[in-house]
Amino acid sequence: MATTTNAGGAPRPPVPLSVLDLAPVRSGGTVGDALRETIDLARRAEEFGYHRYWLAEHHFAAGVASSAPAVLIALVAAATGRIRVGSGAVQLGHQTPATVVEQFGTIDALYPGRIDLGLGRSGQKHAEVLSADAAPPAASPAPPAPEPPRRSVPDGKGGHLVDGLLIPPSYSFATLARLPRFRLYASLLQQPGAETPDFAAQVDEILALLDGTYVSADGIDAHAVPGEGAELAVWVLGSSGGQSARVAGERGLPFAANYHVSPSSVLEAVDAYRAAFKPSATLAAPYVLVSADVLVTPDDETARAVGAPFGHWVRSIRTGRGAMPYPSPEEAAADPLSEEDRLLVADRLDTRFAGPPETVVERLRVLRDVTGADELLVTTIAHDHADRVRSFRLLAEAWGLD
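Residues numbered from 1 in each chain as written. Predicted model: local features only at pLDDT ≥ 70, side-chain atom pairs only at ≥ 80, totals over all residues. Heavy atoms only, no water.

(A) Focus on the sheet that holds strand E8 (residues 152–154). Pairing is antiparallel in the open sheet, where three strands are placed in the order E8-E9-E10. With one partner strand each, in any of the chains shown, E8 and strand E10 (165–167) form the two edges of the open sheet. Ignoring strand direction, the axes of neighbouring strands in this sheet form an average angle of 30°. Pairing of strand E9 (residues 160–162) with E10, which is carried by three bridges, proceeds in the antiparallel orientation. Paired with His160 across the bridge in E10 is Ile167. (Pairing = 2+ DSSP bridges. Helix = DSSP H or I, 4+ residues; strand = E, 2+ residues; numbered from the N terminus. Axes fitted to C-alpha atoms, helices over the stretch in contact; angles between N-to-C directions.)

(B) Region of the structure containing the packing of aromatic side chains. Following the criterion strictly, the structure yields nine aromatic pairs and no others. One aromatic cluster in this structure is built from Trp54, Trp235 and Tyr287. Over the ring of Tyr171 we find Arg318; its NZ or CZ atom is 3.7 Å from the centre of that ring. In this structure, Arg352 packs its charged tip against the face of Phe310, placed 4.0 Å from the ring centre. (Phe/Tyr/Trp six-rings, centres within 6.5 Å; stacked < 30°, edge-to-face > 60°. Lys NZ or Arg CZ within 6 Å of the ring centre and 35° of its normal.)

(C) Broad picture of the side chain of Arg315. If you trace the backbone, Arg315 turns up in helix H11 (residues 310–318). What makes Arg315 buried here is its relative accessible area of 10%. With near-sequence residues (within four places) excluded, Arg315 lies in contact with Asp335, Leu337, Asp341, Leu344 and Val345. (Buried < 20%, exposed > 50% of the residue type's maximum accessible area, 1.4 Å probe, protein only. Contact = heavy atoms within 4.5 Å.)

Following this line, the structure appears as structure tokens:
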């Protein structure tokens, strides 16, 4: 069991565990294989006792099949019976609020009370980077002082250990987002001349359409069918203490912070969310979910072997090629990472929780304690589907999921 204690020494029950899936395409496999494996993994996750199953949204990546999360969510919901299914996250820079509400309202009509609508501003951030070539991006406002205070010590590599949690040096996505290839992708994901509205305005429009209270600036009402009255749980996902965290807090929505994508800013994100939080009809108090890269194996030796391709996969993303089909351990061994490559992906490698169940559970416990997470979101990628299934099974057993 992953029981911990609070500051007063009283037992703290394990928080729920959930799954984030990218529908990875493995080397030698097909998109069809990836989608079938996602559906199988969702069924297994439900069997193992995971709370929710989220699908990411990524585009133009040979190694990721989750480019249409609403479609994949509907397929997963149809193949399961209890587990919540949702998006982690819909990129609002590429769709209108009305389209999102209608898509997810359609799914909710068939699977009411099981669907999560996670919202992200990735598409908007890409547009901001592209429009700011002549000037550096504006700095995020300083996060509030954490409460209670956290103890931070240097880790010797430019990062810090905060109460035992590694906070590595930050990685900037700005250079990557300015590559010509990413400019092309941005143009393909929007209508010519389209401009993405402010993220806060988009979230407010989605909430109003769901509630049936939408009225335009000139007083005309509109009603989304399907969508209005849907039992969707609306979330905001964020990687920093910027607008996403503030929007989630100010509207009293649950917030998902990305330790697995941006581990350097996870504490900034959760602190900013809690500082901005206002009670709502949805939540009386803040609710924080934190993600982590995880690989659970019977022993450390197996973790090193099965996990060897992870750095190569991250390298493919950060060099601008997009996520490659996930390599096999043999392919990774034949193409060792250079020292420059290792530096490029070090933050992701160092913050991946890999090893036997007791090791991973302890690291997840630290993540939960330092961030104050109410729930943890686990993402696992491996070349062999059986290794992914085993990882989730071993973690569920060690965590004490029912």
